[in-house]
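Architecture at a glance
Residue strings, one per chain:
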Amino acid sequence: MTPPSKPRLFITRRLPDAVQEHAAKTFEMTLWPEDRPIGDAFDQWSVGMDAILLMATDRMDAERLARLRTHVKALATYSVGNEHIDLQAATRLRLPVFFTPDVLSDAVADIAMMLIIAAARDTTRAEAILRNGEWGPWSPTAFLGRHPGGRRLGLYGMGRIGQAIAKRARGFDLAIHYHNRTRLSSAHEQGAQYHATLDDLMRVSDVFCVAAPATPTTRKSVNAARIALLPRGAIFTNIARGDLVDEDALIDAITSGHIGAAGLDVYAREPNLDPRFKSLPNTTLLPHIGSAAIETRVAMGLLAVDALANFILRGEKPRNCLNPEVLH
Ligand code: DGY
């Protein structure tokens, strides 16, 4: 008797070797071979697959999901963010979508702290001077940044990533303030001060950090009126999604000096960031590397592949599901 064939898994981008090897043990794996987002070729490549592991760069709209539903049993996204997926449509179609929470919170929080320190201490400008061969003799008044300790950190979003940032920031003597859809229990707040509105949070944020998910409600919620509420000279950071911020307003505020320095890992139109960001000297700009630590990217892949395998092969109900109602 021929053994039952493995379920077919399509992965839309090359992943760390350890993840691909792990997936190939359980699934008959097909990999999009090119080192760029798959785009419209997705529709052709996904035909006949049982499961799909997709990236945050792959759009899953209602029509595409409906086409997949004829053969696909579950999807997983190699991300914690899920704004690229029409989740309501997936739920209507009873298509489970798994994601990769928790395993990336520490890596993203590390980058948030790095951006806060880099922006406060003006390290990007200092490094450029060194690299350009313009570094002169030591001077008591050169390269003067600001010390972040003792300032108020305003976290817009206090989910897993926000809490991991708060944990680190306490070690730098920042006072933690936050705004979140729901107030945390005092055990989770750990002394952080809750603000019921984003406006209130922004008024007290000497250092402001965007750590909330991109949703239709949060889109461009950090707008010109709210940016104007920040204390003059505030440090602005974003490790979540560029979509949450009105970038024209942000650029205006950095240019005018209302925002003293900015550290950004995410942009509204990636990878084509607004070129004005690059001409502003007091910005530290990273290319969306929050989760880009090898240990983290492996852990994300294993979590996603195991969720698909546990659901499809073992009928389990993995916890890392964005629409758990379809598992019941
Ligand atoms: C995430 O997991 O959402 C990261 O930002 C990668 O897209």
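Residues numbered from 1 in each chain as written. Predicted model: local features only at pLDDT ≥ 70, side-chain atom pairs only at ≥ 80, totals over all residues. Heavy atoms only, no water.

1. A short note on the site of the ligand
In the vicinity of the ligand, the contacting residues are Ala56, Ser79, Val80, Gly81, Leu104, Arg241 and His288. Contact distances for the ligand include 2.9 Å between an oxygen atom and a backbone N or O atom of Gly81. Measuring from an oxygen atom of the ligand, one finds a side-chain N or O atom of His288 at 2.7 Å. For the ligand, whose unbound accessible area comes to 230 Å², protein coverage reaches 86%. Residue composition of the shell around the ligand, grouped by class: three nonpolar, three polar and one charged. (Near = heavy atom within 4 Å. Polar contact = N/O pair within 3.5 Å; in protein donor to acceptor, adjacent residues only side chain to side chain. Areas by Shrake-Rupley, 256 points an atom, 1.4 Å probe, with all protein chains shown as cover. Nonpolar A, V, L, I, M, F, W, Y, C, P; charged D, E, K, R; others polar.)

2. Overview of the side chain of Thr218
Mapped onto the elements, Thr218 comes out in the loop between β9 (207–210) and α10 (224–227). A relative accessible area of 12% places Thr218 in the buried class. Polar contacts involving the side chain of Thr218 include one to the main-chain carbonyl oxygen of Pro213, which spans 2.8 Å. Of note is the side chain of Thr218, whose polar atom sits 2.8 Å from the backbone nitrogen of Thr215. Dropping the residues within four chain positions of it, Thr218 is found in contact with Tyr156, Pro213 and Leu244. (Helix = DSSP H or I, 4+ residues; strand = E, 2+ residues; numbered from the N terminus. Buried < 20%, exposed > 50% of the residue type's maximum accessible area, 1.4 Å probe, protein only. Contact = heavy atoms within 4.5 Å.)

3. Some points on the packing of aromatic side chains
For the structure on display, the rule yields eight aromatic pairs. Look at Phe10 and Phe42: their rings are 6.3 Å apart centre to centre, the planes differ by 45°, and that puts the pair in the tilted class. Remark: Phe42 occurs in helix α2 (residues 42–45) and Phe10 occurs in strand β1 (residues 8–11); sequence separation between them is 32 residues. Neither Phe10 nor Phe42 differs from the other in exposure class; each is buried. When the ring of Tyr178 is compared with that of Tyr194, the centres are 5.2 Å apart and the planes differ by 50°; the resulting orientation is tilted. With Tyr178 in strand β7 (residues 175–179) and Tyr194 in strand β8 (residues 193–194), this pair connects stretches of sequence that are 16 residues apart. Residue classification places Tyr194 among the partly exposed positions, given a relative accessible area of 22%. Members of the aromatic cluster, connected to one another through ring pairs, are Phe10, Trp32, Phe42 and Trp45. (Phe/Tyr/Trp six-rings, centres within 6.5 Å; stacked < 30°, edge-to-face > 60°.)

4. Quick look at the sheet that holds strand β10 (residues 234–238)
With respect to topology, seven strands assemble into an open sheet ordered β8-β7-β6-β9-β10-β11-β12, the strand pairing being parallel. Edge strands, defined here as strands with exactly one partner in the open sheet, are β8 and β12 (283–285). Running at roughly 135° to strand β11 (residues 259–264), helix α11 (residues 247–256) makes contact with β10, β11 and β12 of the sheet. (Pairing = 2+ DSSP bridges. Axes fitted to C-alpha atoms, helices over the stretch in contact; angles between N-to-C directions.)

5. Some remarks on the domain arrangement of the protein chain
Split into domains, the protein chain comes out as domain 1 (8–103 + 294–327) and domain 2 (105–285). Counting from both sides, the interface comprises nine residues of domain 1 and, opposite them, six residues of domain 2. In total, about 570 Å² of surface goes out of reach between domain 1 and domain 2, with carbon and sulfur atoms giving 45% of it. Here Glu83 makes a salt bridge to Arg241, at a shortest N to O gap of 2.5 Å. (Domains from an automatic or database assignment. Buried area = accessible area lost by both parts, 1.4 Å probe. Salt bridge = Lys/Arg side-chain N within 4 Å of Asp/Glu carboxyl O.)

6. Thoughts on the nonpolar core
Across soluble globular proteins, nonpolar side chains show a tendency to be buried alongside one another. Of all hydrophobic cores here, the largest spans 54 residues; its most connected members are Leu53, Leu153, Leu155, Ile165, Ile239 and Leu308. Per element, the largest residue contribution to this core is nine residues, and it comes from helix α5 (residues 105–121). Each of domain 1 (8–103 + 294–327) and domain 2 (105–285) gives at least three residues to this core. Formed by 27 residues, the second largest nonpolar core is a distinct cluster that contains Ala214, Ile254, Ile259 and Ala262. (Core = buried A, V, L, I, M, F, W, Y, C linked by side-chain atoms within 4.5 Å.)

7. What about helix α13 (residues 294–312)?
Across its 19 residues, α13 extends 27 Å between first and last C-alpha, which sits within 8% of the 27 Å expected from 1.5 Å per residue. Of all the residues in α13, the buried ones are Thr296, Val298, Met300, Gly301, Ala304, Val305, Ala307, Leu308, Ala309, Asn310 and Ile312. Check the buried side of α13 and you find it contacts β1, α1 (17–26), β3 (51–54), β4 (74–77), β5 (97–98) and α5. (Expected span 1.5 Å × (residues − 1).)

8. Some points on a nonpolar patch on the surface
Among the surface-exposed residues, Leu130, Trp135 and Phe143 lie close enough to one another that they form a single nonpolar patch of about 360 Å² accessible area. Tracing the backbone through its elements, the reader meets Phe143 in the loop between α6 (123–131) and β6 (152–156). (Patch = residues over 30% accessible without salt bridge, like charges linked within 9 Å, V, L, I, M, F, W, Y side chains within 5 Å.)

9. Remarks on the sheet that holds β4
Backbone hydrogen bonds hold the strands of a sheet together, and the pairing may be parallel or antiparallel. Pairing in this open sheet of five strands is parallel, and the strands run β2-β1-β3-β4-β5 from one edge to the other. The open sheet terminates on both sides in strands that have one partner only, identified here as β2 (28–31) and β5. Running at roughly 140° to β2, α1 makes contact with β1 and β2 of the sheet.

10. A look at the packing of α5 against helix α7 (residues 160–171)
Two elements in contact, α5 and α7, have axes separated by 8 Å at closest approach and are oriented at 50°. By the angle between their directions, the pair α5 and α7 is classed as oblique. The crossing of α5 and α7 is right-handed. Counted together, Ser105, Asp106, Val108, Ala109, Asp110, Ala112 and Met113 of α5 and Arg160, Ile161, Ala164, Ile165, Arg168 and Ala169 of α7 form the full contact between these two elements. (Parallel < 35°, antiparallel > 145°, perpendicular 65-115°, else oblique. Left-handed = near helix turned anticlockwise from the far one by under 90°.)

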